[in-house]
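# Coordinate inspection notes
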Amino acid sequence: MLPIDGLTIRRSARLLQALDQMNRAAKGVLLVVDEDGRFERTVTDGDLRRLLLAGQPLESTIASLPRIESVTVARGASTAAIAQAMDSRKIDQVPVLDERGAPIGLWHRRELPTPILLSTPHLSEFEQDYVADAFRTNWIAPLGPNVDAFEREVADKVGSKHAAALSSGTAAIHLGLRVLGVGQGDVVFCSSLTFAASANPIVYQNATPVFIDSEPESWNMSPVALRKAFREAERIGKLPRAVIVVCLYGQSADMDALQSICDEYGVPILEDSAESLGATYKGRQSGTFGKISVYSFNGNKIITTSGGGMLLSDDASLVEQARFLSTQARDPAPHYQHSVIGFNYRMSNILAGVGRGQLRVLDERVESRRAIFDRYREVLGDLPGLRFMPEPSWSRSTRWLTACTIDPKVIGMTRERLVERMSAERIEVRAVWKPMHLQPVFGECRYVTHGAGDGGSVSDRLFENGLCLPSGSNMTPIQQERVIETLRGLLTENASRRVTARLAG
Ligand SMILES: Cc1ncc(COP(=O)(O)O)c(C=O)c1O
């Protein structure tokens, strides 16, 4: 905040004096105050120029300025409130008033901290060459050399046999379910703690989701809950057609445990690794465990094609079917012929070029995200009331997003309030995914918990108290320090209040 020295002026001041003061203060704005020093309005360069153009003599006072309602903020206003005040009038400066209404400072847009976002695209030096190549060779279509190469390169990188590049991770899940034979009347088990895109394709296929709770160790699908769900399904004679196992926030689920349960019942896993490209489970790449696995290259992911996804499998025929369905299911005929309903789900050759460039820096991106997590943990790890998402011994997470939980009783505020307070400082912090069984749209669906009884749902607790911190690999150390300092201030506010109260009383 800028001091107001030399910025206040009375209505009785002469126009010449106002011009001189404006010139010396060099802020482009003066603050008109009354006899008691209370703020009346701002005067800009333009206001004075207009008085002159209207023929006002230099010796006259500025009292003829109309009484307008200038936008102001109160002392202690949040950064977001100040930015909003500026945006509301398309202005760059806002006076700050004390409780009496006297100006005590001036915020200039330049001085405001810039917003820090959760996870933004981070381009390398490589993407443009691949994209330029697509333009140079006129491969501006949902097929071409970049698409073929991107599929091969991703498959090789993670150790999968086959891959199909698609328009989104959601499309990949949809086609995955379809080629696994999920259809009308089927049941599909799915992690509850996830983004809606994991579950929506079940409904696209007219099947019914049953949601499975998380385990506390990895936040991913609980083998205990999965077993319960299978026993129940067996009892009622309706086994699922597939199980969608989601790998959250850059961390694999406990694939061996989940796989062995699914194997007992002969049900395939569709591994939703949209968020976990680059992570490993017992040394093997996340996204290579499912009968079908899926990655997302959405703009917020660890690498991006702006929008895109990939379906992978060691089974060539499944990937072939998916590729066929993704390009409108055209029969091999000399004319347009279709025997089944297809989709327009293929990735474009331009975006695949972006993906090829991004893939070259995937390892660096993983290390950057992990370093960001390590810094958060190093500085904030000891704070009471804060716990970071655990990383079991079998997991190497990418820490795509640094996720943590708070204890509202210890920090004296709810997760919702904490998110609001961070956002007031222009720091984007988000609640952990709201579990699918709590979503109105899936309200009727069955949900199987990890624990017994009323408090047995792990995902409910993670949602209630969980949040994700800014984690982009392009975040600067200064930005991360701002997140840390702001969060530390809020997390310790309650403890400081208690100490002050004890000392006072
Ligand atoms: C767990 C999960 N599954 C599926 C998706 C869908 O991916 P896309 O946005 O590429 O459709 C996302 C992300 O967006 C996700 O986070």
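Quick caveat: nothing in here was measured; it's all calculated off a predicted structure.

### Things to note about the pattern of salt bridges
According to the stated counting rule, one finds 31 salt bridges in the structure shown. The shortest N-O distance in the salt bridge between Asp133 and Arg136 comes to 2.6 Å. Of the two residues, Asp133 and Arg136 both sit in helix α4 (residues 127–136), three residues apart, roughly one turn of that helix. For Arg136, a relative accessible area of 63% gives the class exposed. Taken together, the shared-partner salt bridges in this structure form one network comprising Glu151, Glu320, Arg323 and Arg346.

### What to know about unusual backbone geometry
Although it is not a glycine, Asn138 adopts a positive phi angle of roughly 65 degrees. Tracing the backbone through its elements, the reader meets Asn138 in the loop between α4 and α5 (145–158). Overall, the relative accessible area of 63% leaves Asn138 in the exposed class. Of note in this structure, Asn206 is not a glycine but carries a positive phi near 60 degrees. Position of Asn206 among the secondary structure elements: in the loop between α7 (196–204) and β9 (208–212).

### A closer look at the nonpolar core
Formed by 66 residues in total, the largest nonpolar core has its most connected members in Leu177, Ile244, Tyr249 and Phe297. It is helix α6 (residues 169–179) that provides the largest number of residues to this core, a total of six residues. Shared between two domains, this core holds at least three residues of each, these being domain 2 (127–359) and domain 3 (362–504). Contact partners of Ile244, with chain neighbours within four places excluded, come to Ile173, Leu177, Val188, Phe189, Cys190, Ser191, Ser198, Ile202, Met221, Leu270 and Asp272. Counting residues in hydrophobic clusters, the runner-up holds 26 residues, among them Val379, Leu383, Val419 and Leu467.

### Things to note about a nonpolar patch on the surface
A cluster of nonpolar side chains, contributed by Leu16, Leu52 and Leu58, occupies part of the molecular surface with about 230 Å² of accessible area. Secondary-structure assignment places Leu52 in helix α2 (residues 45–53). A relative accessible area of 36% places Leu52 in the partly exposed class.

### Focus: the domain arrangement of the protein chain
Looking at the protein chain, the domain boundaries give domain 1 (8–111), domain 2 (127–359) and domain 3 (362–504). For domain 2 and domain 3, the distance between their C-alpha centroids amounts to 27 Å. Of the roughly 3,900 Å² buried where domain 2 meets domain 3, counting both sides, 64% is carbon and sulfur surface. When residues of domain 2 are sorted by the area they lose upon contact with domain 3, Trp219, Tyr249 and Ile302 head the list and together hold 22% of the total. The interface formed by domain 2 and domain 3 includes two salt bridges. On the surface where domain 2 and domain 3 come into contact, there are 26 residue pairs in polar contact (both at pLDDT 80 or more). Those elements giving two or more residues to the side of domain 2 that touches domain 3 turn out to be α7, β9, α8 (223–236), β12 (280–281) and α11 (349–359). No other element matches α8, which puts five residues into the side of domain 2 that touches domain 3.

Definitions and limits used
Residues numbered from 1 in each chain as written. Predicted model: local features only at pLDDT ≥ 70, side-chain atom pairs only at ≥ 80, totals over all residues. Heavy atoms only, no water. Salt bridge = Lys/Arg side-chain N within 4 Å of Asp/Glu carboxyl O. Helix = DSSP H or I, 4+ residues; strand = E, 2+ residues; numbered from the N terminus. Buried < 20%, exposed > 50% of the residue type's maximum accessible area, 1.4 Å probe, protein only. Core = buried A, V, L, I, M, F, W, Y, C linked by side-chain atoms within 4.5 Å. Domains from an automatic or database assignment. Contact = heavy atoms within 4.5 Å. Patch = residues over 30% accessible without salt bridge, like charges linked within 9 Å, V, L, I, M, F, W, Y side chains within 5 Å. Areas by Shrake-Rupley, 256 points an atom, 1.4 Å probe, with all protein chains shown as cover. Buried area = accessible area lost by both parts, 1.4 Å probe. Polar contact = N/O pair within 3.5 Å; in protein donor to acceptor, adjacent residues only side chain to side chain.

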